[in-house]
Amino acid sequence: MQMKMFLALRSAGVAEAEARSVADAVRDEVKSAVQDLREDLATKGDVQRSESKLAAELERRFGDHLKWTIVIVFGGFGLFGTIVALSKAL
């Protein structure tokens, strides 16, 4: 790309030093823009690691919710049984 730009500028009558300077500046700007984009992109490995972390977190939270649901259900049965037993004793 740099050579094409340089040649286009030269054929348009731009001096060699100025054409080279412009072509170099454009090259540097494109390199900088590409580097900035690469920093923001996720690789396939990044996505897979994120998926694994998310799956593990969901599994952990589901296990916690299931555990507490069971505790509450059995606690409710225990409380109900206690109330029934106390009401019979009265």
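Before reading further, recall that the structure is shown in the block above.
The rules behind each value
Residues numbered from 1 in each chain as written. Predicted model: local features only at pLDDT ≥ 70, side-chain atom pairs only at ≥ 80, totals over all residues. Heavy atoms only, no water. Helix = DSSP H or I, 4+ residues; strand = E, 2+ residues; numbered from the N terminus. Rg over C-alpha atoms; globule rule 2.2 N^0.38 Å. Buried < 20%, exposed > 50% of the residue type's maximum accessible area, 1.4 Å probe, protein only. Areas by Shrake-Rupley, 256 points an atom, 1.4 Å probe, with all protein chains shown as cover. Lys, Arg positive; Asp, Glu negative; His and termini not counted. Charge placed at Lys NZ, Arg CZ, Asp CG, Glu CD. Patch = residues over 30% accessible without salt bridge, like charges linked within 9 Å, V, L, I, M, F, W, Y side chains within 5 Å. Salt bridge = Lys/Arg side-chain N within 4 Å of Asp/Glu carboxyl O. Phe/Tyr/Trp six-rings, centres within 6.5 Å; stacked < 30°, edge-to-face > 60°. Lys NZ or Arg CZ within 6 Å of the ring centre and 35° of its normal. Axes fitted to C-alpha atoms, helices over the stretch in contact; angles between N-to-C directions. Left-handed = near helix turned anticlockwise from the far one by under 90°. Contact = heavy atoms within 4.5 Å. Nonpolar A, V, L, I, M, F, W, Y, C, P; charged D, E, K, R; others polar.

### A look at the overall build of the chain
Summing up its helical and strand segments, the chain has three helices and zero strands in all. Over its C-alpha trace the chain gives a radius of gyration of 35 Å, far above what one expects of a compact globule, namely 12 Å for 90 residues. Along the three orthogonal principal directions, the C-alpha set of the chain runs to about 110 × 20 × 15 Å. Residue burial in the chain is summarised as follows: out of 90 residues, 3% are buried. Surface accessibility of the chain: about 7,900 Å² in total, with carbon and sulfur atoms responsible for 65%. With 13 positive and 13 negative side-chain charges, the chain shows a separation of 8 Å between the mean positions of the two kinds.

### Remarks on a nonpolar patch on the surface
On the surface, Phe62, Leu66, Ile70, Val73, Phe74 and Phe77 cluster together to form a nonpolar patch covering roughly 650 Å² of accessible area. With respect to the secondary-structure elements, Leu66 resides in helix H3 (residues 44-89). The class for Leu66 is partly exposed, based on a relative accessible area of 44%.

### Topic: the packing of aromatic side chains
Counting across every chain of the model gives zero aromatic pairs. Just above the ring of Phe6 sits the side chain of Arg20; from NZ or CZ to the centre is 4.8 Å.

### Digging into the packing of helix H1 (residues 2-11) against helix H2 (residues 16-40)
The N-to-C vectors of H1 and H2 enclose an angle of 145°; their axes lie 9 Å apart at closest approach. Note on packing geometry: the crossing formed by H1 with H2 is right-handed. Taking contact as the criterion, the partners of Gln2, Met5, Phe6, Leu9 and Arg10 in H1 are, on H2, Glu16, Ala19, Arg20, Val22, Ala23, Asp24, Val26 and Arg27. A class-by-class count of the residues in the contact of H1 with H2 yields seven nonpolar, one polar and five charged.

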